[in-house]
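# Descriptive analysis of the structure
Listed here are the chains, written in short residue letters.
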Amino acid sequence: MNQGTWMKRGVVAAALIAVASATLTACGGDESADGLTTIKVSYSEKVADNLPLWAAKEQGFFAAHDLEVELVNLDSEKGFPALLSGQVDMAAIGGTQVVSAAAAGNDVKILGAATPVLPFELYADVATGVELKGKKVGYTSKSGSQYVGTVEAIKAAGLEPSDVDLVPLGNVSNVNNALLSGAIDAAATHPPASLQFKNAGLHRLVDLAKEDIPYMNVSYVALTSYNEEHPEVLDQFFAALKQGTDFVQSNQKGATRILGDYLGEDDQAALDDAWNYYTSEVIQEAPLASPEQLELSVEFLDGSVEGVEDVDLDGLIDPSHVEKAFGTS
């Protein structure tokens, strides 16, 4: 299935689910047995982009702000329909998916950007970008941020995507295993997985995070209606997220413990590598979203998602909760 078909089908399915589930009661606003306000939040990938979110949960920061937050791992094909139908109150999901949904007429708001750059490194069995020409470069599928990262990494290496043989492999594990086995010559990845490529003697050709290309790899998004009806809950959420962010930045031991639990990773060297990379290059002091972080998404969706060029990127973002919690403006 090509990118355009996938995006169109996904958005249509999401819209249908939203209509069919319009009578459902949203999770947020209810109280738990402990008197805490309940809120359900999905995250689409088990990646270190979500570490401040996980830390806010595991360190009790949400509870300290009178919230009982249930975190649910749903891939983007399920996470966005769940948001639109009210089955979850917020989603930590790629900005590209949000732009695509907005182009289809869904009324959503981006409240923050967990990671405002592309957190990918291009590893290869050759030492220079020139040598990569004509080689096989693996990627997952054209519907996700890993594909965007792959294309941008190829460009940063001094080539065009047409200069290499792009090979779709379905998922990250397949991509990583193919590179380690020699079935492909290069791939875009990020820690902690990338440590195994270093140890295997592969070469890092590009660090996209250092290229500082604006891109909303993971956003915090809610329905506009939820944003308008529960502003105090969202203020509490982002106040706790600030504590989670501060904890991740200042406590390597505690942060890597949480990261290992969520990723199912027990290699401390790999976890430390991931912590160093994300805290120094990826996770920002404040998760402020900006229209510039969505422009690359529009570029990749243009021609495959109808109406994407008409999306009001400024109007898609409400930074007020982050500004209040993190003291920024």
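What you see as residue numbers is a count from 1 along each chain, following the sequence as written. Given that this is a predicted model, residues contribute local features only at a pLDDT of at least 70 and side-chain atom pairs are listed and counted only at 80 or more, while totals for whole chains, interfaces and linings are drawn from all residues. Side-chain measures were taken over the full set of non-hydrogen atoms in the model, leaving aside hydrogen atoms and water.

## Topic: the packing of helix H2 (residues 51-58) against helix H11 (residues 231-250)
To keep things clear, this is the line we draw: Only the contacting stretch of a helix is used when fitting its axis, a line to C-alpha atoms as for every element, and angles between N-to-C directions run 0 to 180 degrees. Strands here mean DSSP runs of E at least two residues long; helices mean DSSP runs of H or I at least four residues long; both are numbered from the N terminus. Any angle that is under 35 degrees is reported as roughly parallel, and any over 145 degrees as roughly antiparallel; angles of 65 to 115 degrees are reported as roughly perpendicular and all others as oblique. Should any heavy atoms of two residues lie within 4.5 Å, those residues are considered in contact. Just so you know the grouping, Ala, Val, Leu, Ile, Met, Phe, Trp, Tyr, Cys and Pro go in nonpolar, Asp, Glu, Lys and Arg go in charged, and all remaining residues, Gly too, go in polar.
Two numbers describe how H2 lies on H11: the axes approach to 7 Å, and their chain directions differ by 105°. Looking at the two axes, H2 sits roughly perpendicular to H11. From H2, Leu51, Pro52, Leu53, Ala55 and Ala56 reach across to H11, where they touch Phe237, Ala240, Leu241, Gly244, Thr245, Phe247 and Val248. When its residues are assigned to classes, the contact of H2 with H11 shows 10 nonpolar, 2 polar and no charged.

## Quick notes on the environment of Val72
Among the secondary structure elements, Val72 is positioned in strand S2 (residues 67-73). Once the C-alpha coordinates of Val72 and Val41 are considered, the two residues, 31 residues apart in sequence, prove to be 6.1 Å apart.

## Things to note about the nonpolar core
Here is the rule: By convention a nonpolar core is built from buried Ala, Val, Leu, Ile, Met, Phe, Trp, Tyr and Cys residues, the set being connected through side-chain atoms within 4.5 Å. For the exposure calls, accessible area comes from a 1.4 Å probe over protein chains only, and a residue counts as buried if that area is under 20% of its type's maximum, exposed if over 50%, partly exposed in between.
In this structure, Leu53, Met90, Phe237, Phe238 and Leu316 are the most contacted members of the largest nonpolar core, which totals 75 residues. Contact partners of Phe237, with chain neighbours within four places excluded, come to Val41, Leu53, Phe62, Leu67 and Met90. In this structure, Leu118, Val137, Ala153 and Phe300 belong to the second largest nonpolar core, which totals 23 residues.

## Examining the confidence of the model for the protein chain
Here is the rule: The predictor reports its confidence for every residue as pLDDT, a score running from 0 up to 100.
Across the protein chain, pLDDT averages 90, with 90% of residues at or above 70. Within the model, pLDDT remains below 50 along residues 1-26, and this stretch shows 35 contacts once partners closer than five positions in the same chain are excluded.

## A short note on the sheet that holds strand S10 (residues 214-223)
Strand-to-strand pairing in sheets goes through backbone hydrogen bonds, with the strands running parallel or antiparallel. Rule in force here: Any two strands are treated as partners once DSSP identifies two or more bridges connecting them.
Spatially, the 5 strands line up as an open sheet ordered S2-S1-S3-S10-S4, and their pairing is mixed. The open sheet has two edge strands with one neighbour each: S2 and strand S4 (108-117). Along the sheet, successive strands turn relative to each other by an average axial angle of 20°, direction set aside.

## As for the pairing of strand S5 (residues 121-124)
Covered by surrounding structure in S5 are Glu121 and Tyr123 together with Leu122 and Ala124, the residues of both alternating faces. Alignment of S5 against strand S8 (residues 186-189), held across 4 bridges, turns out to be antiparallel. Its bridge partner being in S8, Tyr123 is matched across the sheet by Ala187.

## Section: the environment of Leu122
Mapping Leu122 onto the fold places it in strand S5. A sequence separation of 72 residues divides Leu122 from Ser194, and the C-alpha atoms of the two residues are 9.2 Å apart. Sequence-distant contacts of Leu122, that is, excluding residues within four places in its chain, are made with Leu132, Ala153, Ile154, Ala157, Ala186, Ala187, Ala188, His203, Arg204, Leu205 and Val206.

## With respect to the side chain of Asp185
Within the fold, Asp185 resides in the loop between helix H7 (172-181) and S8. Residues contacting Asp185, with those up to four places away along its chain left out, are Tyr123, Ala124, Asp125, Lys135, Lys136 and Leu179.

## Some remarks on the pattern of salt bridges
The condition is simple: A pair is scored as a salt bridge if a Lys or Arg side-chain nitrogen falls within 4 Å of a carboxyl oxygen belonging to Asp or Glu.
Applying the stated rule across the entire model yields 7 salt bridges. Among the ionic pairs, Arg204 bridges to Asp207, the shortest N-O distance being 3.7 Å. For Asp207, a relative accessible area of 7% corresponds to the buried category. Asp246 is paired through a salt bridge with Lys242; the nearest N and O atoms lie 2.7 Å apart. A residue pair is termed a helical-turn pair when its members lie 3 or 4 positions apart in one helix, as Asp246 and Lys242 do in helix H11 at 4 residues. Among the charged side chains, a network of salt bridges with common partners joins Glu121, Arg204 and Asp207.

## Focus: the packing of aromatic side chains
We apply this condition: To pair, rings of Phe, Tyr and Trp, with the six-membered ring standing in for Trp, must have centres within 6.5 Å; the planes then decide the type, stacked if under 30 degrees apart, edge-to-face if over 60, and tilted in the middle.
According to the stated counting rule, one finds 12 aromatic pairs in the structure shown. For the pair Phe61 and Phe247, a centre-to-centre distance of 6.3 Å together with 65° between the ring planes defines the contact as edge-to-face. Taken together, the residues span a long stretch of sequence, with Phe61 in helix H3 (residues 61-64) and Phe247 in helix H11 at a distance of 186 residues. In this pair, the class of Phe61 matches that of Phe247, namely buried. An angle of 70° between the planes, with centres 6.2 Å apart, marks the rings of Tyr220 and Phe237 as edge-to-face. Here Tyr220, found in strand S10, pairs with Phe237, found in helix H11; they are 17 residues apart in sequence, far enough to count as distant.

## Points about unusual backbone geometry
The phi angle of most residues is negative, glycine excepted, and most peptide bonds adopt the trans form. Residue Pro192 is reached from Pro191 by a cis peptide bond, and omega for that bond is 5°. With a phi close to 55°, Asp212 is a non-glycine residue in the positive phi region. With respect to the secondary-structure elements, Asp212 resides in the loop between helix H9 (208-211) and S10. By relative accessible area, Asp212 is classed as exposed at 53%.

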